[in-house]
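Each chain, letter by letter, is given below.
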Number of protein chains: 2
Amino acid sequence: MIFSVDKQSAVSIQEQLRTKLVAAILNGQLMPGTSLPSTRKLSGDLEVSRTTVVLVYERLVEDGFLVSQDRSGFRVNPDNHPAHSGEAVSENVLENVAGPVWEARFRKQPGLQRNISKPLNWQEYRFPFVYGQPDPSLFPLPAWRECSRQAMSELAMRDWSSDAIVQDDPYLVQEIGTKLLPKRGIFAAEDEILITSGAQNALYLIATQLIGAGTRVGVEDPGYPDARNIFEIHGADLCSLPLDSEGAVMTGEAETCQYLFLTPSHHSPTTVSMSEERRAAFLALASRRDQILIEDDYESETNYLGTPVPAMKAEDQEGRVIYVGSLSKSMFPGLRLGYIVADRRLIQELRAFRRLMLRHAPSNNQRTTSLFIAQGYHDTYIRKLNRIYKERREIMGDCLARYLPGMSRDSSFGGTSFWLQGPSGLDTEELAGQALEAGIVIEPGAPHFREPEKNRHFFRLGFSSIPTDRIEEGVKLLAGLIQSD
Amino acid sequence: MIFSVDKQSAVSIQEQLRTKLVAAILNGQLMPGTSLPSTRKLSGDLEVSRTTVVLVYERLVEDGFLVSQDRSGFRVNPDNHPAHSGEAVSENVLENVAGPVWEARFRKQPGLQRNISKPLNWQEYRFPFVYGQPDPSLFPLPAWRECSRQAMSELAMRDWSSDAIVQDDPYLVQEIGTKLLPKRGIFAAEDEILITSGAQNALYLIATQLIGAGTRVGVEDPGYPDARNIFEIHGADLCSLPLDSEGAVMTGEAETCQYLFLTPSHHSPTTVSMSEERRAAFLALASRRDQILIEDDYESETNYLGTPVPAMKAEDQEGRVIYVGSLSKSMFPGLRLGYIVADRRLIQELRAFRRLMLRHAPSNNQRTTSLFIAQGYHDTYIRKLNRIYKERREIMGDCLARYLPGMSRDSSFGGTSFWLQGPSGLDTEELAGQALEAGIVIEPGAPHFREPEKNRHFFRLGFSSIPTDRIEEGVKLLAGLIQSD
């Protein structure tokens, strides 16, 4: 806790100190329950009178920010929840402050949410078992350049240069509807498809329109942290769906949910594919309990091992499944293009929300992508990736069996990663740090769990970006680190 | 009202009819107070028994959707507000319905908000006095293609192809900070700048983080409808700031606001520039009342007439101004790139929200745009546009003085449009329809007002896309239509 006070300021020292403490409590620097320095220590450190500190502390107790305890001084009120207390700040705390106290104005603090982190410079490491980042050297740049050139012809540009306001590029909608969705068993009309700024934006739009304070939403646990965070920031009352070898498990709790978020094609992050029986059971439950299923069909194009299983949306008789797909995943993540397939009434309202939120995804990228799909480059690229992924997956599977036996489970799907369970004492956050020093990028698994502290021994190894000939060396090195731990 | 019932369905006719009526009421097809067809008429039209209709109507009265009136039948409950009633639907309405009743799940209905509309095919009209759409034939396509080619080099692509998650392209941030902002008198550090998916997305992000139910937000009236709609959908309690010749007026009501949304460089839509005295007064008020000012500096680059006046943000001593800029406006609207300049603590939280909402604007467009600015193409393009706009504005000013005298006021700024006040009996919605038939695109002014019905005689004429040599003919034709009205 580094505070300073400005003795030349027109604002009194007492006010300065109070403002800073309130900000630290509200922004979570001082967590609920934390003990504050004694009045003697703080007054000494800041070179201000002890009476000033005592007065500030007592005022903060009065305002509910602190609690006092006989003998042991002051602590941050344990009932104070920083992420939601923005509105509880009493007016007078803000008086006499020169600049705005931003922390007191924040309605939510998404910055405090837990999430997956990866080094931004992962490309500089020798063994990047990073997840979700395709190898840029595999992308067919000449094809993309060619499509981009076509999209920038004077004639095409007349089409897409103006503000389309609520419309999507009809060419891209058509390509998605006729080329991508049928592979997933989905046949949708144009007004049942909405282009989004990535699958993430799709989930955010859906949550904005359908999920509010207290809405019961079931999420897989472990599961996709971004989805959980999006639902949570909209006020959802989350309910955990555990996992077994057939995918998400239906529990009594799941029955009480209004919405269920599922990754049936291959579960994120464990890569388990949901069995057909389980899918049918979820659909039947949804119908019985008037539930809506949000199906995130991420990476569905990387099913190079198993027989293709259609999306749950394909079996959706009653329009209860909201399907989310991604183009960023199969092209390049920086592109930020995704789509929603759902009932046209829902699409219509989501489109109106998207108008307010960002109008539409950039028109030039929509057009270039539609040409990339129409001219077959997308298909060719996916086939190429899958050939490489299959090779890498086999080598990696062998290496894991040899160097880290029993830590991973086989998947029937393919995908781009392995999910590993280390020995129960392993702390993969620590391991990730050590690995980085050895040039190895791995992803700690804890952020995928609702109770991260209990699950620090899980981790994920991606193989979309590690060169095939470095896999063995990387896994071997990593195994050495785990065993020496 | 076109209803049909499916007599083969497993769902009873009564249930089908009830579901459809509820949906129509909730989605606003049947507005509060509307009379319903008599039970005799509806049963005849649908070929169902009159008892069925009576039972359905009576059940809907019980559920609060309808009210009955002696002799005059049934009306939609006037207390039923479709945009907010999503949550008020009682559980039992949803029983026994096969598909989900989406309308009952919608938390908001942005589709019902009033907004500016323009024909999407405006480029096909001979006299497109459309606003906010630059002439695609003026855009320096070869320069953009060249930058795009550079951004797609293998080396550059390694930079931007991966998912940047929360980061913006540092090159673009640098160009905005060193080339665009200084022209507006703003000197910002990199962590005080956030790239958004257009200025619209900037406003949405700001509202998401700072504005909630009951937050008092002052908006100019007339003013930018999208901003008003964004604040409103977040629950803001809006307060109108009237306009005079010095810009937005400070009223007693404005003093009670926590946030003020302003367009000081030239007011949207009237094009009045705010006087320096008025700016200083707003800043002083903000400091005194701990207000935050949201400054939309749209089209600031089109100030080709007056002496450049810095943005209000440039005078902001206390970090109370949130500045919103647009690149889509000065490049092409389909690009969807904008930016926010604000206190770094706010930027940090907005960045976290943006991560949830859409991660970041597409990396390829960020890089291409940064090259376009860095290599001077942006500047050259703006200078070219301003030369053409100046010429068009002079001709247009002369034509308006000749054919539609007294309807527009002169602006000291330049910009891309004229704001006109027609005779009080004029209905510009009707006029716009007639004009379209004569090949003229104009924009009715009513949606800019909080009380649109009282302001149907205002309209806007843009000149960014109409060829210079068609201005006189277009204005003359339009004047003929107004006079013959």
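Residues numbered from 1 in each chain as written. Chains lettered and ligands numbered in written order. Predicted model: local features only at pLDDT ≥ 70, side-chain atom pairs only at ≥ 80, totals over all residues. Heavy atoms only, no water.

Caption draft 1: A look at the relation of the copies chain A and chain B. Superposition of chain A onto chain B requires a rotation of 180° combined with a translation of 0.2 Å along the rotation axis, giving an RMSD of 0.4 Å. Seen this way, the second copy is the image of the first under a two-fold rotation axis. Here 100% of the contact residues of chain A are again contact residues in chain B; the copies associate through an equivalent surface. (Least-squares fit on C-alpha atoms with pLDDT ≥ 70 in both. Contact = heavy atoms within 4.5 Å.)

Caption draft 2: Examining the side chain of Thr302 of chain B more closely. Residue and element names in this part refer to chain B. For Thr302, the position within the fold is in the loop between β10 (292-296) and β11 (321-326). Polar side-chain contacts of Thr302 include one of 2.7 Å to the backbone oxygen of Glu299. Excluding anything up to four places from it in sequence, Thr302 contacts Asn386, Tyr389, Phe413, Gly414, Gly415 and Thr416. (Helix = DSSP H or I, 4+ residues; strand = E, 2+ residues; numbered from the N terminus. Polar contact = N/O pair within 3.5 Å; in protein donor to acceptor, adjacent residues only side chain to side chain.)

Caption draft 3: Spotlight on the confidence of the model for chain A. Residue and element names in this part refer to chain A. Considering every residue of chain A, the mean pLDDT works out to 88; 92% of them sit at 70 or more. Here residues 82-97 scores under 50 on pLDDT; set against residues more than four positions off or in separate chains, the count is 32 contacts. Both scores are available for the predicted complex, with the pTM at 0.80 and the ipTM at 0.79. (pLDDT = per-residue confidence, 0-100.)

Caption draft 4: Local environment of the packing of helix α2 (residues 39-46) of chain A against helix α3 (residues 50-62) of chain A. Residue and element names in this part refer to chain A. Following both chains from N to C, one finds α2 and α3 inclined at 125°, their axes separated by 8 Å at the closest point. Taken together, the axes of α2 and α3 lie oblique to each other. Relative to α3, α2 is oriented so that their crossing is right-handed. In contact with Thr39, Arg40, Leu42 and Ser43 of α2, α3 contributes Arg50, Val53, Val54 and Tyr57. (Axes fitted to C-alpha atoms, helices over the stretch in contact; angles between N-to-C directions. Parallel < 35°, antiparallel > 145°, perpendicular 65-115°, else oblique. Left-handed = near helix turned anticlockwise from the far one by under 90°.)

Caption draft 5: Inspection of the pairing of strand β2 (residues 73-76) of chain B at higher detail. All names here are of chain B. Sheet topology note: the strand β1 (residues 66-69)/β2 ladder contains four bridges and is antiparallel. Looking at β2, one finds that Gln69 is bridged to Gly73. Counting the residues in the hairpin turn of β1 and β2 gives three residues, including Arg71, whose phi is positive at 70°. (Pairing = 2+ DSSP bridges.)

Caption draft 6: Main features of the sheet that holds strand β6 (residues 237-241) of chain A. Residues and elements named next belong to chain A. Pairing in this open sheet of seven strands is mixed, and the strands run β4-β12-β11-β10-β9-β5-β6 from one edge to the other. Each end of this open sheet is capped by a strand with a single partner; those strands are β4 (193-196) and β6. Shown here is a sheet whose adjacent strand axes are inclined to one another by a mean of 20°, direction ignored. Pairing of strand β10 (residues 292-296) with strand β11 (residues 321-326), which is carried by four bridges, proceeds in the parallel orientation. Within β11, the position partnered with Glu295 by the bridge is Tyr323.

Caption draft 7: Inspection of the interface of chain A and chain B at higher detail. Facing 87 residues of chain A, the contacting portion of chain B comprises 87 residues. Interface area for chain A against chain B, summed over the two sides, is near 7600 Å², with a carbon-plus-sulfur share of 55%. Looking at the side of chain A facing chain B, the largest losses of area belong to Trp102, Arg105 and Leu356 of chain A, adding up to 11% of the total buried there. Counting across the chain A and chain B interface gives eight salt bridges. Arg355 of chain A is the salt-bridge partner of Asp226 of chain B, the closest N and O atoms lying 3.5 Å from each other. For the pair chain A and chain B, the number of links is 34 residue pairs in polar contact (both at pLDDT 80 or more). At the level of secondary structure, the elements contributing two or more residues to the side of chain A that touches chain B comprise α4 (102-105), α5 (141-151), α6 (154-160), α8 (199-210), α9 (225-233), α12 (344-357) and α13 (363-374) of chain A. It is α12 of chain A that contributes the most residues to the side of chain A that touches chain B, eight residues altogether. (Buried area = accessible area lost by both parts, 1.4 Å probe. Salt bridge = Lys/Arg side-chain N within 4 Å of Asp/Glu carboxyl O.)

Caption draft 8: Geometry of the packing of α12 of chain A against helix α9 (residues 225-233) of chain B. Following both chains from N to C, one finds α12 of chain A and α9 of chain B inclined at 115°, their axes separated by 10 Å at the closest point. One element, α12 of chain A, and the other, α9 of chain B, form an angle in the roughly perpendicular class. Between α12 of chain A and α9 of chain B lies a crossing of left-handed hand. On α9 of chain B, the residues that touch Phe353, Arg355 and Leu356 of chain A of α12 of chain A are Asp226, Asn229, Ile230 and Ile233 of chain B. Across the contact of α12 of chain A with α9 of chain B, the residue classes tally to four nonpolar, one polar and two charged. (Nonpolar A, V, L, I, M, F, W, Y, C, P; charged D, E, K, R; others polar.)

Caption draft 9: Structural context of the sheet that holds strand β12 (residues 338-341) of chain B. Residues and elements named next belong to chain B. The strand order across the open sheet built from seven strands is β4-β12-β11-β10-β9-β5-β6, with neighbouring strands paired in mixed fashion. The sheet is open, and its two edges are formed by β4 (193-196) and β6 (237-241), each paired on a single side. Each strand axis lies, on average, 20° off the axis of its neighbour in the sheet, ignoring direction. Strand contacts of helix α8 (residues 199-210): β4, β9 (259-262), β10, β11 and β12, with the helix running at about 155° to β11, the strand carrying the most contacts. Where helix α11 (residues 276-289) meets the sheet, it contacts β6, β9, β10 and β11, and its direction lies at approximately 145° from that of β10.

Caption draft 10: Just the pattern of salt bridges, in detail. Under the defined criterion, the tally for this structure stands at 61 salt bridges over all chains. Between Arg344 of chain A and Glu192 of chain A there is a salt bridge whose closest N-O contact spans 3.6 Å. Linking Arg344 of chain A in helix α12 with Glu192 of chain A in the loop between α7 (170-180) and β4, this pair joins segments that are 152 residues apart in sequence. A relative accessible area of 40% means that Arg344 of chain A is categorised as partly exposed. A salt bridge links Asp427 of chain B to Arg456 of chain B, with the nearest nitrogen and oxygen atoms 3.2 Å apart. Of this pair, Asp427 of chain B sits in the loop between β13 (417-421) and α15 (428-437) while Arg456 of chain B sits in the loop between β15 (443-444) and β16 (458-462), placing them 29 residues apart in sequence. (Buried < 20%, exposed > 50% of the residue type's maximum accessible area, 1.4 Å probe, protein only.)

Caption draft 11: Expanded view of the environment of Thr251 of chain A. Along the chain, Thr251 of chain A falls in the loop between β8 (247-248) and α10 (252-255). When the C-alpha atoms of Thr251 of chain A and Glu15 of chain A are compared, they prove to be 53 Å apart, with 236 residues separating the residues in sequence.

Caption draft 12: Region of the structure containing the packing of aromatic side chains. Under the counting rule described, the total for this entry stands at 28 aromatic pairs over all chains. Ring geometry for Tyr389 of chain B and Phe463 of chain B: centres 6.3 Å apart, planes at 80°, overall edge-to-face. One end of the pair, Tyr389 of chain B, is in helix α14 (residues 377-403); the other, Phe463 of chain B, is in the loop between β16 and α16 (471-484), with 74 residues separating them in the sequence. By relative accessible area, Tyr389 of chain B is classed as buried at 4%. Using a relative accessible area of 0% as the deciding quantity, one classes Phe463 of chain B as buried. Joined through ring pairs, the aromatic side chains of Phe139, Trp144, Phe332, Phe372, Tyr377 and Tyr381 of chain A make up one cluster. The positively charged end of Arg460 of chain A is found above the aromatic ring belonging to Tyr131 of chain A, 3.6 Å away from the centroid. (Phe/Tyr/Trp six-rings, centres within 6.5 Å; stacked < 30°, edge-to-face > 60°. Lys NZ or Arg CZ within 6 Å of the ring centre and 35° of its normal.)

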